[in-house]
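Summary of the model geometry
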Amino acid sequence: MSRLIGLDNVTEYGKVAVRGKLIRHTVYVVEGGADTVAALVAAGILAVSVPQGWAAAGSVDWSPLALHPLAFVIPMDLDSDEESAVAEATAGIRARLGLDTARAKSPKPEPSTVPVPLGLDIAAEIRKHGNVKVDGLDVFTPTLTPKRRRRPITRMSDLPKSTPTRWVYKHRLPRGHVSTLVGDEGIGKSLYWAMLAAPLTRGAGWPEMGLPVREPEDVIVCVTEDSDGDAKERLRVLNADLDHASVIPAHDMDPENPASLVEDIADYLDSGKHKVALVVVDMWLSTIDGKADVQKPAVARQQLDPWSQLAKNHDVAVVLVCHTNRTRAASARDRYGVTGELRKVARMNLFALEDPDTPGGLLVGPEKSNLLRSDTPADRFVIEAVRVAEATEDTDGTVPKLNYVCTAGKSIRELVENDAADEFEVIEMTDNAEHTLVALEALGGFATTSDITEYVSENFTKGVAGKTITRALTTALRAKQVAKGSKMDTDKRGRSIPRSYWYLPSTTRYDEDARTFTAVGNGPNPFAAADKSPPNGEPGPWTAFTAPSKLK
């Protein structure tokens, strides 16, 4: 006799003691083999499967299940031969379990029959929804919590050899990994991924971008901010083979049976009918749970992990498109905004920057990667408007596409620093910040935070807190209206200690190399008083704590 698939689970999870009484869980008997059994057990549903289907049920040893409640999961709409086979099998099972004989030593639970739709993939339904519904009701009742599987500990000598990184586009898109594409809104990120997708669908090579000639491969696109039609037109003007390009809706089409976007794409790839090289989600944040705070490292990893598994299990490149926070920081890291944590966990982070030297230009390069050096040069592109129709009142009749120009010669980090150096951040001065400037001028051009707080409290805002003045001074510092220095003072115990002072750079020039201060303009030099600095312009006891800096 053959052995049921999944009996080990019955032995491990099939019974539990509750207040001294032994309770045996219901065992569901299904078709589908080990994969279906594993999916059910992972969902807390104890199940076994009949080898070779119900037709072979009569040749199976059912004795290990003799004391368990059984539920036979039978497909509906069977033909007459199949119904006869099932009837014969279940009768045989009853006989083998001793249910049809009066000589049974103890009463045994009567099996039940659970109908399910013909051709239903139980494993897929369980993984997607956690259960199977028929007429709006759950078919299975979870009764157990599987024991946690222990992590295997393997000797390094037994591990397989590591494999080199495989690329869809060399040094740009790694196969089997997640990449992020981050940049300001409206600069051409969507044109960039379309430009990468089009040659893949034709099997065309692109040496400058590290793409060899291959067999045509598919791309899957999910767009949230543009229409599917826009995505199609952008690929079409790039001569993409649209038979190798597919689109998937960003949001679930069945609210009563929600499934994640990544699961639906995984199901499509599992079919094995398509050779997919690239999956693009534009914009990724629009597809996740709005309650998920991806600024927290643990949440960011949780949201990214399904995509990482999709890329790894199906050997595809996944590109998640994200916006920056629109700051002009000199560090690209500071421009990521809410997706900053993704930068830490994604294997490749591509950063897109508007080219300040070329109208309609775009710069894209790896900003951070675990797979190559961060000083890898970026690429330079330019946007071209391709006419596809006559202009009307509603449209100019063109579709944009991105053209490769050349390598930028610098890394994207260097280009971001240059971009920041060209533009200063505009800081809006608050009332309290303005009051601190008046206080500093009245106090001789320099003063401590406590002196400034006392002056503002007496002349502007009675009882103002020191923390409020500190924030106001910080605002003025960012606006380059004040600067900060330190002076060696003596405390109550007679010890020499450094004390921080705020001063007005409009009346003082600071030499960063010599670390000296010189009076400029009409105002007094706060460091030139007789007891605060030696004569002849020597540095004296004053040292710069925070020099006036360019704000980027």
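Predicted, not measured: the structure shown is a model, and the values here were computed from it.

This paragraph deals with the nonpolar core. If you look at the biggest cluster of nonpolar residues, it comprises 81 residues, and the most contacted ones within it are Y169, Y192, I265, L278, W284, W307 and V318. Ranked by residue count, the leading element in this core is helix α5 (residues 189-202), at nine residues. If we ignore the near neighbours within four places in the chain, the residues touching Y192 are L181, M209, L350, V364, F381 and L402.

Roughly 390 Å³ of internal volume is contained in the second largest pocket. As for the second largest pocket, its lining consists of 13 residues, and the residues nearest its centre are R127, E263, A266, D267 and D270. Mapped by element, the contributors of at least two residues to the lining of the second largest pocket are α4 (122-129), α7 (261-270) and α8 (297-314). Here the lining of the second largest pocket gets five residues from one element, more than from any other, and that element is α7.

Here we come to the environment of V29. Mapped onto the fold, V29 is located in strand β3 (residues 27-30). Its relative accessible area of 0% is what places V29 among the buried residues. Considering only alpha carbons, one finds V29 and V48, 19 residues apart in sequence, at a separation of 5.1 Å.

This part takes up α5. Summarising burial for α5: 13 of the 14 residues are buried, a large majority. Backbone geometry just downstream of α5 places G203 in the positive-phi region, at approximately 75°.

Across the sheet, four strands lie side by side as β4-β3-β5-β6; this open sheet has parallel pairing. Every other strand in the sheet has two partners, leaving β4 (47-49) and β6 (112-116) as the edge strands with one partner each. When the angles between neighbouring strand axes are averaged without regard to direction, this sheet yields 30°. Bridge count between strand β5 (residues 70-75) and β6: five bridges; the pairing is parallel.

Bringing the packing of aromatic side chains into the picture now. Any pair of aromatic rings gets described here by the distance separating the centres and the angle formed by the planes. Here the structure, examined in full by the defined rule, presents six aromatic pairs. Ring plane angle 85° and centroid distance 6.2 Å describe the contact between W206 and Y404, whose orientation is recorded as edge-to-face. Taken together, the residues W206 in the loop between α5 and β12 (218-223) and Y404 in strand β19 (residues 398-411) connect sequence positions 198 residues apart. Relative accessible area serves as the criterion here: at 14%, W206 is assigned to the buried category. Residue Y404 is classed as partly exposed on the basis of its relative accessible area of 25%. An angle of 50° between the planes, with centres 5.9 Å apart, marks the rings of Y336 and F351 as tilted. Of this pair, Y336 sits in the loop between β15 (317-323) and α9 (340-345) while F351 sits in strand β16 (residues 348-354); the two residues are 15 residues apart in sequence, bridging distant segments of the chain. Since its relative accessible area comes to 2%, F351 is described here as buried. Three or more aromatic residues joined by ring pairs make a cluster, and in this case those are Y169, Y192, W206, F381 and Y404.

To continue, consider the sheet that holds β12. One open sheet accounts for nine strands, arranged β13-β12-β14-β15-β11-β16-β17-β18-β19; its pairing is mixed. Only two strands of the sheet have a single partner each, and these edge strands are β13 (245-247) and β19. For this sheet, the mean angle separating the axes of adjacent strands, direction not counted, is 20°. Along the sheet face, α5 touches β11 (178-183), β12, β14 (276-282), β15, β16, β17 (361-369), β18 (377-387) and β19 and points at about 165° away from the line of β14.

Calculation rules
- Residues numbered from 1 in each chain as written.
- Predicted model: local features only at pLDDT ≥ 70, side-chain atom pairs only at ≥ 80, totals over all residues.
- Heavy atoms only, no water.
- Core = buried A, V, L, I, M, F, W, Y, C linked by side-chain atoms within 4.5 Å.
- Buried < 20%, exposed > 50% of the residue type's maximum accessible area, 1.4 Å probe, protein only.
- Helix = DSSP H or I, 4+ residues; strand = E, 2+ residues; numbered from the N terminus.
- Contact = heavy atoms within 4.5 Å.
- 1 Å grid on protein atoms, 1.4 Å probe; cavity = no way out; pocket = protein on both sides within 12 Å on 5 of 7 lines; lining within 4 Å.
- Points joined across faces, edges and corners; volume = space filled by probe spheres on them.
- Pairing = 2+ DSSP bridges.
- Axes fitted to C-alpha atoms, helices over the stretch in contact; angles between N-to-C directions.
- Phe/Tyr/Trp six-rings, centres within 6.5 Å; stacked < 30°, edge-to-face > 60°.

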